[in-house]
Amino acid sequence: MYILRLDDASEYRQIENWDRMERLLDAYGIRPIVGVIPDNRDPRILARYPQPDPDFWQRVARWQKKGWAIALHGHQHIYLTEEGGINPVNARSEFAGLPYEEQCRKIKAGYAVLRQHGLEPELFFAPSHTFDENTLRALRDCTPIRVISDTVANDVYYRDGFYFIPQQSGRARRLPFAVSTFCYHPNAMKEVDFERLDAFLKKHKDDFTVFGPALLKQRKPGVYDRMLRKLYFARSGARR
Ligand SMILES: [Zn+2]
């Protein structure tokens, strides 16, 4: 089963690409998880798209109405540490390594922004995929969010009061896992990326599922999940 995830939705974005992605997904009846940055201060993003979209929050509300799952994607999308936390895909983080109180403040503030705009975020994923035990504690204490989109595994698993929906690939491709999430950054997509995604969806659209309670199983991570995780981080170790 495949899940599509879109990262870095905010007022500051490549609007044409996001619109194109929406038309593409609509054409195949696919409803993704979309990560919304509550208070985008990322200097790299703001430099590229300096004009905020005044209609952004209405747009997100429409996505939610359409059945797209809204994810809290960090707080300000700025890197404050060089830690990888418990999913060390990158050695930088907005959360991992910060004290619990600081993480709580950020999670609370980000969650409040989305709520102010009438959104009901059901998941969390951090910028650069990096978070730690205190991030989970902060989510648990300050929000009703109990689902994380990230980490490497074969299937959805349950740990420390959270469901983890694994996220294994940055592009759509055939993968042998029970559940695979493909994570796209529409801001950075080129013509060829859209064409490839279109071709994949044409062939495999029926293998995609939508985020919802049916996906959430209280399954403990098993030997196979641990092996995949080990292999993944052995291979990507050079990036750290
Ligand atoms: Zn991001």
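Residues numbered from 1 in each chain as written. Predicted model: local features only at pLDDT ≥ 70, side-chain atom pairs only at ≥ 80, totals over all residues. Heavy atoms only, no water.

## What about the side chain of lysine 106?
Alright, step 1. On the secondary structure map, lysine 106 appears in helix α4 (residues 100-116).
Alright, step 2. Overall, the relative accessible area of 2% leaves lysine 106 in the buried class.
Alright, step 3. Those residues in contact with lysine 106 that lie beyond four places of it in its chain are His75, Gln76, Leu80, Glu94, Phe95 and Leu98. (Helix = DSSP H or I, 4+ residues; strand = E, 2+ residues; numbered from the N terminus. Buried < 20%, exposed > 50% of the residue type's maximum accessible area, 1.4 Å probe, protein only. Contact = heavy atoms within 4.5 Å.)

## So, the layout of surface pockets
Rolling a probe over the atoms, with the probe sized like a water molecule, indicates the empty space that remains.
Alright, step 1. When its volume is computed, the largest pocket comes out at roughly 410 Å³.
Alright, step 2. In terms of lining, the largest pocket is formed by 22 residues, of which the most central are Ser169, Gly170, Arg171, Cys183 and Tyr184.
Alright, step 3. Taken together, the elements giving at least two residues each to the lining of the largest pocket come down to β8 (180-184) and α6 (191-204).
Alright, step 4. Among the elements that make up the lining of the largest pocket, the one with the highest residue count is α6 (4 residues).
Alright, step 5. Looking at the lining of the largest pocket, its residues break down into 10 nonpolar, 8 polar and 4 charged.
Alright, step 6. Here the second largest pocket defines a volume of roughly 350 Å³.
Alright, step 7. Its residues placed into classes, the lining of the second largest pocket shows 8 nonpolar, 7 polar and 8 charged. (1 Å grid on protein atoms, 1.4 Å probe; cavity = no way out; pocket = protein on both sides within 12 Å on 5 of 7 lines; lining within 4 Å. Points joined across faces, edges and corners; volume = space filled by probe spheres on them. Nonpolar A, V, L, I, M, F, W, Y, C, P; charged D, E, K, R; others polar.)

## Details of the pattern of salt bridges
Pairing between side chains of opposite charge can happen when the charged atoms of each approach one another.
Alright, step 1. Inspection of every chain in the model, using the stated rule, returns 17 salt bridges.
Alright, step 2. The salt bridge partner of arginine 105 is glutamate 102, with a shortest N-O separation of 3.2 Å. Residue arginine 105 and its partner glutamate 102 are both found in helix α4; the two are separated by 3 residues, about one turn of the helix.
Alright, step 3. Aspartate 160 serves as the salt-bridge partner of arginine 159, at 3.4 Å between the closest nitrogen and oxygen.
Alright, step 4. Residue arginine 159 is classed as partly exposed on the basis of its relative accessible area of 31%. (Salt bridge = Lys/Arg side-chain N within 4 Å of Asp/Glu carboxyl O.)

## Comments concerning the coordination of the zinc ion
Alright, step 1. Coordination of the zinc ion by the protein comes from Asp8 (OD), His73 (NE2) and His77 (NE2), over a distance range of 2.0 to 2.1 Å.
Alright, step 2. All donors of the zinc ion belong to a single chain; written as a sequence motif, their spacing is D-x64-H-x3-H. Taken together, the residues aspartate 8 in strand β1 (residues 2-9) and histidine 73 in the loop between β3 (69-72) and α4 connect sequence positions 65 residues apart. Across this residue pair, the class does not change: aspartate 8 and histidine 73 are buried. (Donors = N, O, S within 2.8 Å, 3.2 Å for Na, K, Ca; no water.)

## Some points on the environment of proline 52
Alright, step 1. Tracing the sequence through the fold places proline 52 in the loop between α2 (43-48) and α3 (56-66).
Alright, step 2. Under the relative-accessibility criterion, proline 52 is labelled partly exposed at 40%.
Alright, step 3. A C-alpha to C-alpha distance of 26 Å links proline 52 and glycine 170, two positions 118 residues apart in sequence.
Alright, step 4. Those residues in contact with proline 52, other than ones at most four positions away along the chain, are Glu11 and Tyr12.

## Regarding the environment of glycine 212
Alright, step 1. Structurally, glycine 212 can be placed in the loop between α6 and α7 (223-235).
Alright, step 2. A sequence separation of 148 residues divides glycine 212 from glutamine 64, and the C-alpha atoms of the two residues are 13 Å apart.

## A closer look at a nonpolar patch on the surface
Alright, step 1. Judged by side-chain polarity, Tyr224, Met227 and Leu231 come together as a nonpolar surface patch covering roughly 300 Å² of accessible area.
Alright, step 2. Take tyrosine 224: it is sitting in helix α7. (Patch = residues over 30% accessible without salt bridge, like charges linked within 9 Å, V, L, I, M, F, W, Y side chains within 5 Å. Areas by Shrake-Rupley, 256 points an atom, 1.4 Å probe, with all protein chains shown as cover.)

## Some words on the side chain of glutamate 11
Alright, step 1. Among the secondary structure elements, glutamate 11 is positioned in the loop between β1 and α1 (15-28).
Alright, step 2. No salt bridge is formed by the buried glutamate 11. Its closest oppositely charged neighbour is arginine 13, at 7.5 Å.
Alright, step 3. Ignoring any residue separated from it by four or fewer positions in sequence, one finds glutamate 11 in contact with Gln51, Pro52, Asp53, Phe56 and Trp57. (Lys, Arg positive; Asp, Glu negative; His and termini not counted.)

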